[in-house]
Amino acid sequence: MARPHRKPKGRPLDGWLIVDKPSGIGSTDVVNKLKRAFNAQKVGHGGTLDPLATGVLPIAFGAATKMVPYVMDGTKTYRFTLKFGEARDTDDAEGQVIETSDARPTDEQIRAALPAFIGDIMQVPPIFSAIKINGARAYDLARDGQIPEMAPRPARVDKFELESRPDADTAVFTVQSGKGVYMRSLARDIARAAGTVGHIAVLRRMRVGPFLEENAIPLDKLVGMEDTPPPSPDLLLPVTTALADIPALAVTEAEAARLSHGQTLSVVDFMGRIPGDASPDGGLVRAMAGERLKGLVRLESGRVRPERWLSPGDNTLLPVQALPDGETD
């Protein structure tokens, strides 16, 4: 006998909420608090922040959860304070001291070490991270006293600058990076390269893709005391806001119609319109007819291939199965 279909609990809300996460709470805890506060059916986040970290945490409601991968691929900006002299097992202030050093690098030594960490680099993640090793989370293994072997992973760092030097023990850096870059690893490694050891004492994220620090709402203004009125759904930004910093490709209505039916088109047909910051090797772009978003396409092997297309009326991007080159439906 078939089970009766259960109606999802909560309201069907769609959109983005940009939260300024405080220190001392995990990203999943923020999601759970906001799901209860908004009485929402489906909520997720666009990129984990460590409990110690503060700053921009995009929260996705309903249809926006399908946009999370695009947000996580976006540019991120951080500021962190590196404390010299102590290496910690978590690579931040919450961990146990595992090594000390009396060496304190000069500004010149730090700046000389920075170029090796800019561009496409290989980075060893912290042992206290969510990476899976043989099916287990690295942080679970580390908490059980097993030191996991962390393999280097490719990472992209576009900017890594020494911003200030409050005193000999600390240095403040700004970083602009792509997906999957660990600030704790950058802090640990730049300290080593400058001739000492260190860990992150303070970490703040200021940007995730199109979502900026100045637009973030402090969590305590959304989830306050028990008698605080529930937050308004009017605070949510449109689902497609998440795509605002993806390069835009101008398309005609005829081209949009063909792409929406799964046809791939030759890049040659778009010469003069391909955005300069879009990668020709798998780069994602927004297909725009005038000011209207039509969908997302990829530039691949000389073709423009549809990936997701905007569903009329509800601002939901649905997957498109691209037809083989030259075929029409």
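Taking an unreviewed UniProt entry as the reference, the protein chain is identified by name as tRNA pseudouridine synthase B belonging to Pseudoroseomonas cervicalis ATCC 49957. According to the UniProt record, the Function (unreviewed entry) comment for the protein chain is "Responsible for synthesis of pseudouridine from uracil-55 in the psi GC loop of transfer RNAs." In its Catalytic activity (unreviewed entry) section, the UniProt entry covering the protein chain states "uridine(55) in tRNA = pseudouridine(55) in tRNA".

(A) Local environment of the environment of R79. Within the fold, R79 resides in strand 4 (residues 76-84). Given a relative accessible area of 33%, R79 falls into the partly exposed group. C-alpha separation for the pair R79 and V202, spaced 123 residues apart in sequence, amounts to 8.2 Å. Ignoring sequence-local partners within four residues, the contact set of R79 consists of E163, V172, F173, T174, V202, L203, R204 and M206. At 3.1 Å, the side chain of R79 and the side chain of E163 are in polar contact.

(B) How the structure looks around the nonpolar core. If you look at the biggest cluster of nonpolar residues, it comprises 45 residues, and the most contacted ones within it are I59, F80, F160 and F173. Beyond its immediate stretch of four places on either side in the chain, F173 contacts Y78, R79, F80, L82, I110, L114, F160, E161, L162, E163 and I190. A63, V71, A242 and L293 belong to the second-largest nonpolar core, a separate cluster that totals 22 residues.

(C) Inspection of helix 1 (residues 27-38) at higher detail. If you check helix 1, its first and last C-alpha atoms are 17 Å apart, about what twelve residues at 1.5 Å a residue would give, namely 16 Å. Among the residues making up helix 1, those that are buried are S27, V30, V31, L34, A37 and F38. End-on, the buried residues of helix 1 take up no more than an arc of 130 degrees, which puts them together on one face. Across helix 1 from its buried face, at more than 90 degrees, point the exposed residues T28 and R36. Tucked into the core, helix 1 has its buried residues touching strand 1 (15-21), strand 2 (43-45), strand 3 (54-61) and helix 6 (219-222). Residue N39 follows helix 1 closely and has a positive phi angle near 50 degrees.

(D) Quick look at the environment of T316. Structurally, T316 is set in strand 20 (residues 316-319). When the C-alpha positions of T316 and M67 are compared, they lie 9.4 Å apart, and in sequence the two are 249 residues distant. Those residues in contact with T316 that sit more than four places away from it in its chain are A63, W309, L310 and S311.

(E) Highlighting the UniProt feature "active site" (unreviewed entry) in the protein chain. The UniProt entry lists D50 under the feature "active site" (unreviewed entry), expressed in the numbering used here. In this view, D50 contacts K21, I25 and R184; residues no more than four positions away in its chain are not counted.

(F) Expanded view of the pattern of salt bridges. Tallied over the full model, the rule gives 19 salt bridges. Among the ionic pairs, R104 bridges to D169, the shortest N-O distance being 2.7 Å. Linking R104 in the loop between strand 6 (97-100) and helix 3 (107-113) with D169 in the loop between strand 10 (153-167) and strand 11 (170-177), this pair joins segments that are 65 residues apart in sequence. Exposure remark for R104: the relative accessible area of 33% places this residue in the partly exposed category. A relative accessible area of 30% means that D169 is categorised as partly exposed. Among the salt bridges present, the one from R188 reaches D189, with a minimum N-O distance of 2.8 Å. Take R188: its relative accessible area is 18%, and that puts it in the buried class. Several salt bridges share partner residues, and in doing so they unite D20, R204 and E213 into one network.

(G) Structural detail: the packing of aromatic side chains. Considering all chains together, one arrives at six aromatic pairs under this definition. Relative to F160, the ring of F117 has its centre 6.5 Å away and its plane inclined at 80 degrees; by these criteria the two rings are edge-to-face. A residue pair is termed long-range when its members are at least 10 positions apart, and F117 in the loop between helix 3 and strand 7 (119-123) and F160 in strand 10 qualify at 43 residues. Each member of the aromatic cluster is reached from another via a ring pair, and the members are F80, F117, F160 and F173.

Rules used throughout
Residues numbered from 1 in each chain as written. Predicted model: local features only at pLDDT ≥ 70, side-chain atom pairs only at ≥ 80, totals over all residues. Heavy atoms only, no water. UniProt positions renumbered as here; feature names shortened; annotations may be inferred. Helix = DSSP H or I, 4+ residues; strand = E, 2+ residues; numbered from the N terminus. Buried < 20%, exposed > 50% of the residue type's maximum accessible area, 1.4 Å probe, protein only. Contact = heavy atoms within 4.5 Å. Polar contact = N/O pair within 3.5 Å; in protein donor to acceptor, adjacent residues only side chain to side chain. Core = buried A, V, L, I, M, F, W, Y, C linked by side-chain atoms within 4.5 Å. Expected span 1.5 Å × (residues − 1). Arc of directions from axis to C-beta. Salt bridge = Lys/Arg side-chain N within 4 Å of Asp/Glu carboxyl O. Phe/Tyr/Trp six-rings, centres within 6.5 Å; stacked < 30°, edge-to-face > 60°.

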